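One letter stands for each residue in the lines below.
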Amino acid sequence: MVSVAIMGHGVVGSGVAEILLTHKQKLFSSLGEEIYIKKVLDLREFPDSPIADRFTKDFEEIINDLEIRVVVEVMGGLNPAYTFVKRCLKAGKSVVTSNKELVAAHGAELLALAKEENVNFMFEASVGGGIPIIRPMNQCLVANNVREVAGILNGTTNFILTKMIEDGMQFEDALKLAQDLGFAERNPEADIEGHDACRKICILASLAYGKHVYPQSVHTEGITNITLEDVNFAEAFGYVIKLIGRVRKLDGGKIDIITAPMLVPFKSQLSNIDNEFNGIMVRGDCVGDVVFYGKGAGKLPTASAVVADIVDCCKHLKARRFLFWADGDGSNIIDYRDSVSAMYIRVSGDDAEVKAEKIFGEINTVADNGQLAIITSDMSYGEFESKCAALEGEGVKVLSAIRIGDI
Ligand code: HSE
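Given the structure is predicted, the values throughout are model-derived calculations rather than measurements. (Residues numbered from 1 in each chain as written. Predicted model: local features only at pLDDT ≥ 70, side-chain atom pairs only at ≥ 80, totals over all residues. Heavy atoms only, no water.)

Draft legend 1. Geometry of the nonpolar core. Formed by 82 residues in total, the largest nonpolar core has its most connected members in Phe121 and Leu204. Ile6, Val40, Ile51 and Ala305 belong to the second-largest nonpolar core, a separate cluster that totals 29 residues. (Core = buried A, V, L, I, M, F, W, Y, C linked by side-chain atoms within 4.5 Å. Buried < 20%, exposed > 50% of the residue type's maximum accessible area, 1.4 Å probe, protein only.)

This is the structure:
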């Protein structure tokens, strides 16, 4: 029998306890031992829980219990999760977390600590919820040089964009529906401003390229400026708008990483990933493109990934699973203004097409209702900004600008 503790009994934590209890026999046959929930840490009372007698409000009861070998952190947020996880690793306990904020902010330090203490620190559920992505990238795709990772990494924003695209809903109405259905947090800022997706692409970039990428090094744009006009023009050009986290390795070794809405071509595998689902494309030099699809959030999908990590930790109590990246200082990341892509812009003003052609060169256009939508050829973002300023100087107003995703 292996004793574990779960810190947090919210949506994910209660899902983890539920799976460990309802799938006891299934897990026993995989591990060859029982996984026993010895303690659950939460400040609230859960008198109706089948394990109500094992709840505690005191972290010290977990850290001081030598029988507890694996601790699951599903509290979310940075504090006290960061302090508790560090103390668990230092005490020689393996840690499993679903906390993307924690891994994006402190992953390199916690991985180094786990290595030092000869224990495991695992976080499969931190990206893509129930979708296997950390372990496949770390193990199954290890033969590849990863050229690019691009994903729809946030279910809330994907749900909102899908409602705008399929049902013609306005952004605000789609957000309200997402909140009513329980997808979006009551404070949805981290989702709609792109921070949640940014944390997740930082974790995948750190894993793919071996150096920690901190969220503050990554240019991040959310979806709050996307309008129905953009959605309709995108469709006329053969694209859908998706919030994409993307990292790619450039010739010369540096990485180009961004979180931003992109126009994704209909032919892309990512264009059909709708509603609250997530999808992640990994482009390897040997394997080509591999796409992972599934539920990126929710109680049991996320708990499914957490429980897989618990089983892996229990199987390797005396050995380390190789999962590691070094700290990073951002020097391997290019400035987002140097990143090259084609651009979509929506403009209004007299003779906009002629003026845009003079400034941008060859362009594709669609006109509707007094506005003009333009797709440019490839250029750096810095060059694009200068050209937009020149266009505005000619009296043409730039109403929106979105990158074209070559994914
Ligand atoms: N708020 C996140 C999402 C939850 O909408 O995808 C899962 O990380």
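Draft legend 2. Representation of helix 1 (residues 11-22) within the structure. Taking 1.5 Å per residue, 12 residues should reach 16 Å; helix 1 reaches 16 Å between its end C-alpha atoms and fits that length. The set of residues buried in helix 1 consists of Val12, Gly13, Ser14, Gly15, Val16, Ala17, Ile19 and Leu20. Those residues of helix 1 that are buried are in contact with strand 1 (2-7), helix 2 (24-31), strand 2 (35-41) and helix 12 (299-315). (Helix = DSSP H or I, 4+ residues; strand = E, 2+ residues; numbered from the N terminus. Expected span 1.5 Å × (residues − 1). Contact = heavy atoms within 4.5 Å.)

Draft legend 3. Representation of unusual backbone geometry within the structure. The step from asparagine 79 to proline 80 runs through a cis peptide bond, and the omega angle for that step is 5 degrees. Here proline 80 is to be found in the loop between strand 4 (68-73) and helix 4 (81-90). For asparagine 275, which is not glycine, the phi dihedral falls at a positive 55 degrees. Mapping asparagine 275 onto the fold places it in the loop between strand 10 (255-265) and strand 11 (277-284). Positive phi outside glycine occurs at aspartate 351, with the angle close to 50 degrees. Within the secondary structure layout, aspartate 351 lies in the loop between strand 14 (343-348) and helix 13 (352-360). Aspartate 351 gets classed as exposed once you look at its relative accessible area, which sits at 55%.

Draft legend 4. Structural view of the sheet that holds strand 6 (residues 121-122). Strand order in the open sheet formed by six strands is 3-2-1-4-5-6, with parallel pairing between adjacent strands. Whereas interior strands pair on both sides, the edge strands pair on one side only; in this sheet they are strand 3 (55-56) and strand 6. Of the pairings in the sheet, the one linking strand 4 to strand 5 (residues 94-97) comprises four bridges and is parallel in character. Bridge pairing in strand 5 places valine 71 opposite valine 95. Together, strand 1, strand 2, strand 4, strand 5 and strand 6 form the strand contacts of helix 12, whose direction differs from that of strand 5 by roughly 170 degrees. (Pairing = 2+ DSSP bridges. Axes fitted to C-alpha atoms, helices over the stretch in contact; angles between N-to-C directions.)

Draft legend 5. View of the site of the ligand. By nearness alone, every residue bordering the ligand is listed as Lys100, Asn154, Gly155, Thr156, Glu185, Asp191, Asp196, Lys200, Gly296 and Ala297. Threonine 156 places a polar side-chain atom, nitrogen or oxygen, 2.6 Å from an oxygen atom of the ligand. Between the ligand and lysine 200 there is a distance of 2.8 Å, counted from an oxygen atom to a side-chain nitrogen or oxygen. Across the complex, the protein chains shield 87% of the 260 Å² of accessible surface that the ligand would expose by itself. If you list the elements that add at least two residues to the shell around the ligand, you get helix 7 (155-167) and helix 10 (195-209). Class assignment for the residues of the shell around the ligand results in one nonpolar, four polar and five charged. (Near = heavy atom within 4 Å. Polar contact = N/O pair within 3.5 Å; in protein donor to acceptor, adjacent residues only side chain to side chain. Areas by Shrake-Rupley, 256 points an atom, 1.4 Å probe, with all protein chains shown as cover. Nonpolar A, V, L, I, M, F, W, Y, C, P; charged D, E, K, R; others polar.)

Draft legend 6. Seen up close, the pairing of strand 12 (residues 288-295). Pairing of strand 11 with strand 12 involves eight bridges; the strand directions are antiparallel. Paired with isoleucine 280 across the two strands is phenylalanine 292, which belongs to strand 12. Connecting strand 11 to the antiparallel partner strand 12 that follows it, the hairpin turn spans three residues.

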